[in-house]
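# Chains, contacts and geometry: an overview
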Amino acid sequence: MAEHAEATAGPITPEMRAAALALGWDEGLLDRALDFGYQPRTLVAALAAKLDARQAAGFLDREPLKPDLSWMDAPTEWGVRAEQADPEMGLTVGDIMVGSYGEIPDLWTDRTEIARGSNPQLGQEDMGYTIFEKAVVWTDSVADLYERAIRDRWAPATDLGWRSLEALPDDIEHAICQVMTEHSERAYAEASVLGRWLPEISYGFVEMKLFMSSVIYDLARHAEAFRKRALANGGGLGLQAPTDLIRGASEARSYPELMAYLFVQDSAFLTFFHAAGDIAQNQLERDLYALVASDRERLMEYQVERFEAFLEAMPDRREEQQRYFAKAEVRLAREWDDPAVREPLLLLLGGSREDTAAAAAALHALRRRQVEEYLAHLDRAGFIRSRLHSGLAAYLEEPEAATA
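The present account deals with the structure reproduced in this document. (Residues numbered from 1 in each chain as written. Predicted model: local features only at pLDDT ≥ 70, side-chain atom pairs only at ≥ 80, totals over all residues. Heavy atoms only, no water.)

### Notes on helix H3 (residues 29-36)
An α-helical turn contains 3.6 residues, so a residue and the one three or four places further along point in the same direction. Test applied: Using a 1.4 Å probe on the protein chains alone, a residue whose accessible area is under 20% of its type maximum counts as buried, one over 50% counts as exposed, and one in between counts as partly exposed. Strands here mean DSSP runs of E at least two residues long; helices mean DSSP runs of H or I at least four residues long; both are numbered from the N terminus. For this quantity, the arc is that covered by the directions from the helix axis to the C-beta atoms. Here, residues are in contact when the closest pair of their heavy atoms is within 4.5 Å.
Listed as buried for H3 are Leu29, Leu30 and Ala33. The buried residues of H3 all sit within an arc of 100 degrees when viewed along its axis, so they share a single face. Buried residues along H3 sit in contact with helix H2 (14-22), helix H4 (40-48) and helix H5 (53-60). Remark: Gly37 follows H3 within two positions and exhibits a positive phi of approximately 110 degrees.

### A short note on the pattern of salt bridges
Rule in force here: One side-chain nitrogen of Lys or Arg within 4 Å of one carboxyl oxygen of Asp or Glu is enough to make a salt bridge.
Under the counting rule described, the total for this entry stands at 29 salt bridges. With a shortest N-O distance of 3.1 Å, Asp218 and Arg298 are connected by a salt bridge. On the criterion of sequence distance, the pair formed by Asp218 in helix H10 (residues 206-231) and Arg298 in helix H13 (residues 283-313) is long-range, its members being 80 residues apart. Each member of the pair, Asp218 together with Arg298, is buried. Taking the shortest distance from any N to any O, the salt bridge between Asp244 and Arg331 comes out at 3.2 Å. With Asp244 in helix H11 (residues 244-250) and Arg331 in helix H14 (residues 318-336), this pair connects stretches of sequence that are 87 residues apart.

### So, a nonpolar patch on the surface
As a reminder, the rule being used: To count toward a patch, a residue needs a relative accessible area above 30% and no salt bridge. Like charges then connect within 9 Å, nonpolar side chains (Val, Leu, Ile, Met, Phe, Trp, Tyr) within 5 Å. Areas reported as accessible are Shrake-Rupley estimates using a 1.4 Å probe. Residue values count occlusion only from the protein chains shown.
Residues Leu69, Trp71 and Met72 make up a contiguous nonpolar surface patch of about 370 Å² in total accessible area. Turning to its location among the elements, Met72 is positioned in the loop between H5 and helix H6 (134-137). We classify Met72 as exposed; its relative accessible area is 55%.

### A few points about the packing of helix H12 (residues 255-275) against H13
Geometrically, a packed helix pair is captured by the angle between its two axes and the distance between the axes. Threshold: Axis definition: a line fitted to C-alpha atoms, limited for helices to the stretch in contact. Angles are taken between N-to-C directions and run from 0 to 180 degrees. Here is the rule for handedness: rotate from the far helix to the near one, and if that takes an anticlockwise turn smaller than a right angle the crossing is left-handed, while a clockwise turn gives right-handed. Side-chain classes are defined by residue name, with Ala, Val, Leu, Ile, Met, Phe, Trp, Tyr, Cys and Pro counting as nonpolar, Asp, Glu, Lys and Arg as charged, and the others, Gly among them, as polar.
Where H12 meets H13, the axes come as close as 9 Å, and the angle between the chain directions of the two elements is 145 degrees. Here H12 and H13 pass one another in a crossing that is left-handed. Residues belonging to the contact of H12 with H13 are distributed by class as follows: 18 nonpolar, 3 polar and 4 charged.

Remember that the coordinates give geometry; whether it matters functionally is a separate question.
This is the structure:
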């Protein structure tokens, strides 16, 4: 009996055949799979996975190493030829948004990391995206903004004249280093906040994600450049900057709330960097502020155009936005009153500790310009603040009335 059992035993057991039959597999599939070179343990694993007849045939009824080239038959648009619109810019991200590959749906429902326009495969994993609505993140300029960011990149180490720095009076150097400390920290903090939101945005909006990646890179470069200036001329880092406004942004529950906080901050910073030539003490600082302002212009352009598109697509959310801007404005006004923010600017605008009246007037003028341009940015987006926070509205008054 033992000899008979040993003679009838083989790689495919009766139990395996019974299991295959129960799953509806073709009667000869197990034998063909062995002939093709599959190991018995592979057959056991396939049975344990309870593959249906179609799946089992697709998996086992072919030679394991024989290519089937079925991937060549993916039903995607073929014969596309992207052309350069501007030879000086080269082949841009916008140039390859052609045919079906350039169609951005209002709602992107795929939760995987599929490249927009490729053919999906069943069973791919959910990547955890939470933002699928085009109107929440998109503006048609993102591809162009990304290309401009790549074209206009600069390096703090080599594009600023560090050897040109000369010693400054201690008070002035202290004030400059405090300003540099503040803006280095703020740039790093904003980059960190944006970086946490990038994985939430569906891969269907890849051009927007590319642009936002360039923004994060810009902000990291700004943090680097401001820190270098604080440490390059006999000074050092100053007091930590207030974190009230960026804290609000970091606690945002949605992308529209995040963007409202950052809209307020980004507008104020853009105006500041445009005007910072008035406090620059040398050519390096003027160059630094101008380069940062150029990067910030792209970010503000995105902010305005995204907000305009968002309001057009979702007009019922205007009142919600009023609340977000109100919360951001009160935090900005509070930060502007912080001594570590206000006093270094007074010293630099006045040129010394003594010229306080002229410095106060100059700072009031700067703040007024920041508020006016902030409201102008909102106006470009088609949004009017229902009630500007009093701490910002005060700067729209004449200095005498504001201090009375």
